[in-house]
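# Secondary and tertiary structure notes
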Amino acid sequence: MLEIREVYKVFNPGTVNEKVALNGLSLSLKEGDFVTVIGGNGAGKSTMLNMVAGVCPVDNGRIYIDGEDVTHLPEHKRAKYLGRVFQDPMTGTAATMQIDENLALASRRGLLRTLKPGITARERAGYKELLKVLDLGLENRLTAKVGLLSGGQRQALTLLMATLKKPKLLLLDEHTAALDPKTARKVLDLTEQIVNRDHLTTIMITHNMSDALRVGNRLIMMNNGKIVLDVSGEEKARLTTADLLEKFKISAGEELANDRILLS
Amino acid sequence: MGIVEFIGDLIGALPGACAQGLIWGIMAIGVYLTFRILDIADLTVDGSFATGGAVCVMCILAGWNLWAAMLAAVLAGIVTGLVTGLLHTLMGIPAILAGILSQLALYSVNLKIMGKANQSVNVNNTDLLISLRWVREMELHNPLIMVSIVLIATIAVLYWFFGTEVGCGIRATGANLNMSRAQGINTSLNKVIGLMISNGLVAFSGAWLAQYQGFADVNMGRGAIVIGLAAVVIGEAIFGRIFINFALKLLSVGFGAVIYYIVVQAVITAGIDANLLKLLSASIVAVFLAVPYWKSRMARAHAVRKAVN
């Protein structure tokens, strides 16, 4: 479904701030894989997702989605394959537009936008049903501006938008990190529910170790722009937080130093 | 001058002020599209406004059909927007600088279109769509009637367009670039389309003003961006709370321009030095743009006080 082949990315090359973000990263995902990604600060987790999404170009290497070489495809054209949820709840939605208008934008992802109506009455009715699933009361606020919603509500809406048109690949970049624990749990539950329902191939970056272990069928750990641990299936199911810390120490030669990592 | 005399003079000048306000209202709606919807302060308008006037007058002098001359003016304005858009998206120049470059270049272009700094059409021997001469006649060519109809029609078309898939994409582009691209919207293309529509409207407005006053001048657009912004902020300040619908918001911008010109007329009638007008306009816009910022700071300070107590 996704193949990342020997991808390199260097930020600020030739300056004192030079940073090798991705150092020959390779990763291959099968259809239906739900991969959780952990790693220290600057390990290259977000850069990896941004390279897949085409936010900025790779320096070297190739990226294939569903067999198609998308390495040089601009971000808005790759969007037809991808659903994305960002860390910042403000990023995924248009604050000055209505809830239903945001959903209507998402429902046209990957389609040619024409002079047909941007939203129809029939769509509105459908969105109402979809929003009921979130159980946040948004189904009664269809015409409210998204800027009025809380962070958790916006993130849930972004998740809905990302999966409204079934994506080939769902990219979640620490999408619960900015939320309070209760809301984070709710958004994560919702994520699992949607991913399982639609059998979505998913990459989820998280700083929560127990989430990384509990969710998904595969776990990768990154360090210095490379994958240092890749476990799946039975092996992943048996892992504990202590195992992860130990494995990180062995592979990286240092403690997993990150004040944002949650162990519990 | 007594107060009675002042009011009498002002009422006498009101039809002209309203007509000018309506004409500039079309221009201000163009500014609203870039400034509020695309979140770009587009300075091309100072040039494209005169371009519209210049093209319209030259086409009329060449004996064109009047509506064809208007269409030519709009198309010329669309091209100026295209140039600014390409400077910004294709050449990576910051939007505000791209607009300044276009504006400067258009000064020369406008001179070349007209052949000199000023070209007039004589309403005595040329048929025109509107003229300030007819501001008190109950005919379609009365600028108050004609431009009101055109303004409403323009708002109707824009209301329809920004409800389409393309229009929603443009609104999303202005609201959130990251989100738009993630939803497969070509944000660069949308910015260019937005700038083209905006400058097309601005040139359209310039063409109306040229007919209204009977001439086009290379300097007729000087400070247009400030007048446009003034109309936007006045309209929002007065009607912002009651006009929520998009069409009504556009209408409030039109009203804002009319109010602006009535105020200007009052200032002139009161005998204040007309040379100070641009200083006054700039001050009004500066204050109105500052109000939301001050409000948010005061709200924050209030919230902090509440939090620590």
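Below you will find a few notes about this structure. Computed from a predicted structure; not experimentally measured.

The rules behind these values
Residues numbered from 1 in each chain as written. Chains lettered and ligands numbered in written order. Predicted model: local features only at pLDDT ≥ 70, side-chain atom pairs only at ≥ 80, totals over all residues. Heavy atoms only, no water. Contact = heavy atoms within 4.5 Å. Buried area = accessible area lost by both parts, 1.4 Å probe. Salt bridge = Lys/Arg side-chain N within 4 Å of Asp/Glu carboxyl O. Polar contact = N/O pair within 3.5 Å; in protein donor to acceptor, adjacent residues only side chain to side chain. Helix = DSSP H or I, 4+ residues; strand = E, 2+ residues; numbered from the N terminus. Nonpolar A, V, L, I, M, F, W, Y, C, P; charged D, E, K, R; others polar. Buried < 20%, exposed > 50% of the residue type's maximum accessible area, 1.4 Å probe, protein only. Pairing = 2+ DSSP bridges. Expected span 1.5 Å × (residues − 1).

## Overview of the interface of chain B and chain A
At the junction of the two partners, chain B supplies 20 residues and chain A supplies 29 residues. Summing both sides of the interface, chain B and chain A together bury roughly 2000 Å²; the carbon and sulfur share of this comes to 58%. Its largest share of buried area at the contact with chain A, chain B owes to E165, M179 and Q183 of chain B, together 34% of the area lost on that side. Counting every contact that joins chain B to chain A gives 3 salt bridges. Residue E75 of chain A is joined to R181 of chain B by a salt bridge in which the shortest nitrogen-to-oxygen separation is 3.1 Å. Where chain B touches chain A, the interface holds 12 residue pairs in polar contact (both at pLDDT 80 or more). Looking at the side of chain B that touches chain A, the elements that each hand over two or more residues are α5 (143-161), α6 (165-175) and α7 (177-182) of chain B. In terms of residue count, α6 of chain B provides more of the side of chain B that touches chain A than any other element does, 7 residues in total. A class-by-class count of the residues in the side of chain B that touches chain A yields 9 nonpolar, 8 polar and 3 charged.

## A word on the pattern of salt bridges
Any two side chains of opposite charge can pair, given that their charged atoms come close. Residue and element names in this part refer to chain A. Under the criterion given, the structure shown has 19 salt bridges over all chains. For the salt bridge of K9 with D59, the shortest nitrogen-to-oxygen distance reads 3.8 Å. Here K9, found in strand β1 (residues 2-11), pairs with D59, found in the loop between α1 (45-53) and β4 (60-65); they are 50 residues apart in sequence, far enough to count as distant. Classification of K9 by relative accessible area gives buried; the value is 8%. Looking at D59, the relative accessible area reads 45%, which means it is partly exposed. The partner of E192 in a salt bridge is R214, with the nearest N and O atoms 3.4 Å apart. Within this pair, whereas E192 is found in helix α6 (residues 181-198), its partner R214 is found in helix α7 (residues 209-214), the two being separated by 22 residues in sequence. The partly exposed category is assigned to R214, whose relative accessible area is 37%. Taken together, the shared-partner salt bridges in this structure form one network comprising D33, R218 and D230.

## Focus: the sheet that holds strand β2 (residues 19-29) of chain A
Residues and elements named next belong to chain A. The antiparallel open sheet is built from 4 strands, whose spatial order is β2-β1-β4-β5. With partners counted over all chains shown, the strands left at the sheet margins are β2 and β5 (68-69), one partner each. Sheet topology note: the β1/β2 ladder contains 8 bridges and is antiparallel. Of the residues in β2, the one forming a bridge with E3 is S28.

## Some points on the pairing of strand β9 (residues 218-223) of chain A
All names here are of chain A. The buried fraction of β9 is high, at 6 of 6 residues. Side chains R218, I220 and M222 of β9 all project onto a buried face; the interleaved residues L219, M221 and N223 project onto the opposite face, where all are buried too. By the bridge criterion, 5 bridges tie strand β3 (residues 34-39) to β9 in an arrangement that is parallel. From the neighbouring strand, I38 faces β9, where its bridge partner is M221. Between β9 and strand β10 (residues 226-232), which pair antiparallel one after the other, the connecting turn spans 2 residues, and N224 there sits at a positive phi close to 50°.

## Side note on helix α9 (residues 224-239) of chain B
Residue and element names in this part refer to chain B. Taking 1.5 Å of rise per residue, 16 residues should cover 22 Å, and α9 covers 22 Å from first to last C-alpha, within 8% of that figure. The buried count for α9 comes to 12 of 16 residues, which makes it a mostly enclosed element. A224, I225, I227, G228, L229, A230, A231, V232, V233, I234, G235 and F239 are the residues of α9 that are buried. Buried residues along α9 sit in contact with α1 (3-38), α2 (45-61), α10 (246-269) and α11 (277-308).

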